[in-house]
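# Results of the structural survey
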Amino acid sequence: MTELAKAYDPKGVEERWYSFWEDRGFFRAPTGAEGDPFCIVIPPPNITGALHLGHALNNGIQDVLVRRARMQGRPTLWQPGTDHAAIATQNVIERRLAQEGLTRFDLGREEFERRFWLWKEEYETRILGQFKMMGFSCDWSRTRFTMDEGLSAAVRTVFVRLYEEGYIYRGNRIINWCPRCQSAISDIEVNHIETEGELVTIRYPLKDVEGHISVATTRVETMLGDTGVAVNPSDDRYKALIGKVAILPLVGRELPIVGDDAVDPEFGTGAVKVTPAHDPNDFEIAQRHGLPPVNIFDQTATVNEDGGRFAGLGRYEARKAVLEALKADGAVEHEERPYLHAVGHCDRCDTEIEPWLSEQWFVAMKDLAAPAIQAVRSGEVQFVPKDPFERMYLDWMDNIRDWCISRQLWLGHRIPAWYCGDGHITVAMTDPEACEKCGSSQITRDEDTLDTWFSSGLWPFSTLGWPEDTPELRYWYPTNVLSTDRAIIYLWVARMIFLGLHFVGRKPFDVVLIHPTIRDAQGRPMSKSRGNTIEPDAVVERHGTDALRFSLMWGCVLGQDMGYAEDRIEGARRFVNKLWNASRFVLNTVGDEASSRGELALPERWILSRLAQTVIAVDGALERYEFSEAAHSLYEFAWSEYCDWYLEMAKLASGERAAAVRSVLLEALETTLRLAHPIMPFVTEEIWQRLPRAEGGTESIMVAPWPSADRARIDADAEDQMSFLQEIVVEVRRFRHEHGIPPRKEIAAVVNAKGSFADLVSAHHNELQVLAGLESVTLGAQPEGWSRTVAGQAEIYLPLGELVDVGAERQRLSKEIADEDALAARARAKLDNPKFTSGAPADVVEKAQRQFDEHSERAASLRAQVEELPS
């Protein structure tokens, strides 16, 4: 055993122990080992740059679960890897090229892809380095990448099989189109931003009938693509017009008026223009009523020849020109501006998204979604928290649309489809030499790549060797827990579930944990686009990894957002130091000799009982995924009960009790370290390695057994007795604080207690003296002129008159009471004013109520202090 340094320095400790764990192979997953396997697949981070605190939180949760399972003796696999994130990575590489004055077209596809692999090596190394810095115990020998050879084979297998089964098809449907990225993008890559626009109501004349029908739109330029008008069939205003025809202003196209339940009678005029090529809801209406699409935009969102006289105008220029033309024709009935509405923007470049009819590859989802819906409804796959995330998942899956899987990008898995001059499509596992239908050798491969989520949807089983029937797949699949963000429930979680069920025949995981979103000091979600992200490296540099990890678990309540708080991390750093300093005392006290116990005194029985309760609390909280509760229970025991109470009492031990104290000190510390290890791996390993232990024992806390919950160690009598003594100490400390008596000023105390309580005071007067800063503690009646206070079953008498000027103290307290009463009265006057309570914002009224309560309570407390003063 070697002595701990006076101060804990995480920098040298963390790197040393991480290398030790890796060298010993503790992270390696033992496929086929006996026991109940525990497996987590890491949500693969995008190789677009450094990690942020959200990654630290999410992967911290996973590491806590993996380290605990490993200590429980379960064979564990934490499967690591990274995602190519095609559109995001392509954008950042293109931005780097722009700094060189180049575009991807200057390089050509082959050279651009070469640059991509160089980028991947650079940033994957950086990301995995940050994971290791955070102490994450993944099996790095199994690291995968969504475009490595094995995963690419899995992607191609899935595409070909779904195509052959009739689930994948090529067709014209509405997609999210980014005119700048020149690609379809997924729903998760669309940010809906509140935008100031205008709501324009337009009169559409009726054919063969007097009058017109009015429709409202926020995008007047798209009226050039209208092919119908829709109303709700139950809307009495328009029932008679269903089946009639309207005339499209400026164009003259005849528009059938149809009845459709999707129309909201409360929006605008209750009648809507149907623009099938430029709105997903309109596309669905058009499909139901046989209305043809007219696409008025090209891929740059410029009006094409179908826009007539407006051809060649960009969409914003066209919006102004069309509105002016409508006004000139007298077709504008009303304009509302500014009109706030949510407009989709590309997450990667912030360009406004164009809903656009385009020929793309799709997956037909209805039949594939059904088993994935049932798996969640039956509880086979569970969301934690269940509400609202299970409902979000089911709502989306119940109303799912076909999935657009093609992207007009150079990065990603190239779609394995070839076309001949006759329009035949060949989809194959190996590159064909001729068209499979007509035999033509003049075939060209599809230029598009697959949506990134297509490959990441296979992640739980492709990383384990699928489509081969590997030992890893048989042993580790299905995995146990997936920890992820609420934003990708639809786009990743749902797809993993339906793909796992379809291709492996089993769910991909048992539990889906939805971790909190970390927000900045202004309450905004952290994002690179806002520039408010914080990299873990910076926090670790200031406070150490264990402090960051503990602070994240402290604030981690699933289902709630978490604010970033520097003071919480600083508090966690102090907790690390508290544990370190306590361990220094214990090691200096215990020495290298084993200690016998014999009969235990009250303090030892109490701390062992509290230790057992803490093991039960922490273990139960982690079993329920209540990470904040686990951290709070650990903190309360280690900081308060063990360090602030028991260590102080242990210092007074002498004689036969001293040997027992050394034994208990060591047991409680060693158990606490094992309990804390999953959350704070480095400092616990550094201390644990210094503890005396048997020769040839476990070589690392990382593989030491997880503390068992021994309910037989719970001693209710000891806890009740100790609680009585603590009440006395706390009350004396309160009395000191409120009357301004310095903590180091020793004062006498007389305690009036009966029966067993008096016996406790007598037996533990030394502990009471030290903990409460008293020069003596005796049993007896109230001395004349002494102040009285109450602690549970005891009255405590203190010589306040000898310590302070009672008259001056009474005067000081009276002034404070008057001030608090005045402030409470001011708040009460506001609350008694109906104009204030009914007219002020709710948070302002709540603030006034809090102020009244706080000042009233403070005044009552001050009056109680006056009562304590001797007469």
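Here, every reference points to the structure presented above.
What counts as what
- Residues numbered from 1 in each chain as written.
- Predicted model: local features only at pLDDT ≥ 70, side-chain atom pairs only at ≥ 80, totals over all residues.
- Heavy atoms only, no water.
- Helix = DSSP H or I, 4+ residues; strand = E, 2+ residues; numbered from the N terminus.
- Buried < 20%, exposed > 50% of the residue type's maximum accessible area, 1.4 Å probe, protein only.
- Contact = heavy atoms within 4.5 Å.
- Lys, Arg positive; Asp, Glu negative; His and termini not counted.
- Charge placed at Lys NZ, Arg CZ, Asp CG, Glu CD.
- Axes fitted to C-alpha atoms, helices over the stretch in contact; angles between N-to-C directions.
- Parallel < 35°, antiparallel > 145°, perpendicular 65-115°, else oblique.
- Left-handed = near helix turned anticlockwise from the far one by under 90°.
- Nonpolar A, V, L, I, M, F, W, Y, C, P; charged D, E, K, R; others polar.
- Pairing = 2+ DSSP bridges.
- Polar contact = N/O pair within 3.5 Å; in protein donor to acceptor, adjacent residues only side chain to side chain.
- Core = buried A, V, L, I, M, F, W, Y, C linked by side-chain atoms within 4.5 Å.
- Right-handed = clockwise from strand over helix to strand, strands pointing away.
- Phe/Tyr/Trp six-rings, centres within 6.5 Å; stacked < 30°, edge-to-face > 60°.
- Salt bridge = Lys/Arg side-chain N within 4 Å of Asp/Glu carboxyl O.
- Expected span 1.5 Å × (residues − 1).
- Patch = residues over 30% accessible without salt bridge, like charges linked within 9 Å, V, L, I, M, F, W, Y side chains within 5 Å.
- Areas by Shrake-Rupley, 256 points an atom, 1.4 Å probe, with all protein chains shown as cover.

## Section: the overall build of the protein chain
Within the protein chain, the regular secondary structure consists of 28 helices and 29 strands. By principal-axis analysis of the C-alpha atoms, the protein chain measures approximately 105 × 75 × 55 Å. Burial statistics for the protein chain: of 871 residues in total, 55% are counted as buried. Put simply, of all contacts in the protein chain between residues at least 6 apart along the chain, 78% involve residues at least 24 apart. Here the protein chain carries 96 positive and 134 negative side-chain charges, and the mean point of each set is 2 Å from the other.

## Concerning the packing of helix α18 (residues 602–623) against helix α22 (residues 716–738)
In the contact formed by α18 and α22, the axes pass within 9 Å of each other and the chain directions differ by 110°. Put simply, α18 runs roughly perpendicular to α22. As α18 packs across α22, the resulting crossing turns out to be left-handed. Between α18, through Leu-602, Arg-605, Trp-606, Ser-609, Arg-610 and Gln-613, and α22, the contact on the second element is made entirely by Asp-717, Ala-718, Glu-719, Gln-721, Met-722, Leu-725 and Gln-726. Residue composition of the contact of α18 with α22, by class: five nonpolar, four polar and four charged.

## Some remarks on the sheet that holds strand β20 (residues 443–445)
Spatially, the three strands line up as an open sheet ordered β19-β18-β20, and their pairing is antiparallel. Of all the strands in the sheet, just β19 (425–427) and β20 have a single pairing partner and so form its edges. Here the average twist between neighbouring strands, direction ignored, is 30°. The strands that helix α6 (residues 149–164) touches are β18 (417–420), β19 and β20; relative to β19, the one it contacts most, it runs at about 130°.

## Side note on the side chain of Thr-789
In this structure, Thr-789 sits in strand β28 (residues 787–791). The class for Thr-789 is buried, based on a relative accessible area of 6%. In this structure the side chain of Thr-789 is engaged in a polar contact, spanning 2.3 Å, whose partner is the side chain of Glu-731. In contact with Thr-789, not counting residues within four places along its chain, are Glu-731, Arg-734, Phe-735, Ala-794, Glu-795, Ile-796 and Glu-868.

## Considerations on the packing of helix α16 (residues 545–554) against helix α19 (residues 627–650)
Look at α16 against α19: their axes get within 7 Å of each other, and the N-to-C directions meet at 120°. Here α19 runs oblique to α16, going by the angle between their axes. Each of Phe-550, Met-553 and Trp-554 in α16 lies in contact with α19, whose residues at this interface are Phe-627, Ser-628, Ala-631, His-632, Leu-634 and Tyr-635. Considered class by class, the residues forming the contact of α16 with α19 number seven nonpolar, two polar and no charged.

## Looking at the nonpolar core
Core analysis: the biggest nonpolar cluster contains 220 residues, and Trp-361, Tyr-393, Phe-454, Leu-513, Phe-627, Tyr-642 and Tyr-646 have the highest contact counts within it. No other element matches the 13 residues that α19 contributes to this core. If you look at the next biggest cluster of nonpolar residues, it comprises 36 residues, including Tyr-238, Val-294, Ile-296 and Trp-356.

## Notes on the sheet that holds strand β26 (residues 747–752)
In space, the four strands of this open sheet follow the order β27-β26-β29-β28, with mixed pairing throughout. Since the sheet does not close on itself, it has two edges, and those belong to β27 (774–779) and β28, each with one partner. Pairs of neighbouring strands in the sheet enclose a mean axial angle of 25°, with direction left out of account. With three bridges joining them, β26 and strand β29 (residues 794–798) adopt antiparallel strand pairing. Following the sheet pairing, Val-751 is matched in β29 by Ile-796.

## Section: the pairing of strand β1 (residues 38–41)
Burial of the side chains of β1 extends over both faces: Phe-38 and Ile-40 are buried on one face and Cys-39 and Val-41 on the other. Note that β1 and strand β2 (residues 76–79) share four bridges and pair parallel. Pairing of Phe-38 across the sheet is with Thr-76, part of β2. Each parallel crossover has a hand, and for β1 linked through helix α2 (residues 53–71) to β2 it is right-handed.

## Concerning the packing of aromatic side chains
Two numbers describe a pair of aromatic rings. These are the distance of the centres and the angle of the planes. Under the counting rule described, the total for this entry stands at 39 aromatic pairs. Arranged with centres 6.2 Å apart and planes meeting at 70°, the rings of Tyr-18 and Trp-21 form a pair that is edge-to-face. One end of the pair is Tyr-18 and the other is Trp-21, both in helix α1 (residues 10–24) and three residues apart, which spans about a single turn. Trp-21 shares its class with Tyr-18; the two are buried.

## Here we look at the pattern of salt bridges
For the structure shown, the criterion picks out 70 salt bridges. Between Arg-109 and Glu-447 there is a salt bridge, and its shortest N-O distance comes to 3.0 Å. In this pair, Arg-109 sits in helix α5 (residues 109–133) while Glu-447 sits in the loop between β20 and β21 (449–450), placing the two residues 338 residues apart along the sequence. Exposure remark for Arg-109: the relative accessible area of 15% places this residue in the buried category.

## Considerations on α18
Because each turn of an α-helix spans 3.6 residues, side chains separated by three or four positions in sequence point in the same direction. Between its first and last C-alpha, α18 extends 31 Å over 22 residues, near the 32 Å set by a 1.5 Å rise per residue. Where burial is concerned, most of α18 is hidden: 18 out of the 22 residues are buried. Just downstream of α18, Tyr-625 is the residue with a positive phi angle, here 65°.

## Notes on the side chain of Glu-390
By the element assignment, Glu-390 lies in helix α10 (residues 389–398). For Glu-390, the residues in contact, after removing those within four places along its chain, are Val-376 and Phe-383.

## Notes on unusual backbone geometry
The linkage connecting Val-384 with the following residue, Pro-385, adopts the cis geometry, with an omega of -5°. Residue position: Pro-385 is located in the loop between β15 (382–384) and α10. The linkage connecting Asp-387 with the following residue, Pro-388, adopts the cis geometry, with an omega of 10°. Phi angles above zero are rare outside glycine, and Leu-250 is one such case at about 70°.

## Digging into a positive patch on the surface
Together, Arg-826, Lys-830, Lys-847 and Arg-850 make up a positively charged patch on the protein surface. Elements with a minimum of two residues in the positive patch: α26 (806–831) and α28 (842–868). Along the chain, Lys-830 turns up in helix α26.

## Here's the deal with helix α3 (residues 86–99)
Taking 1.5 Å of rise per residue, 14 residues should cover 20 Å, and α3 covers 20 Å from first to last C-alpha, within 8% of that figure. Those residues of α3 that sit buried are Ala-86, Ile-87, Ala-88, Thr-89, Gln-90, Asn-91, Val-92, Ile-93 and Leu-97. Along its buried surface, α3 packs onto α4 (104–107), α5, β6 (183–185) and α11 (452–456). Following α3 by one or two positions, Gly-101 has its phi on the positive side, about 75°.

Such coordinate-based values are descriptive only and should not be taken to indicate function.
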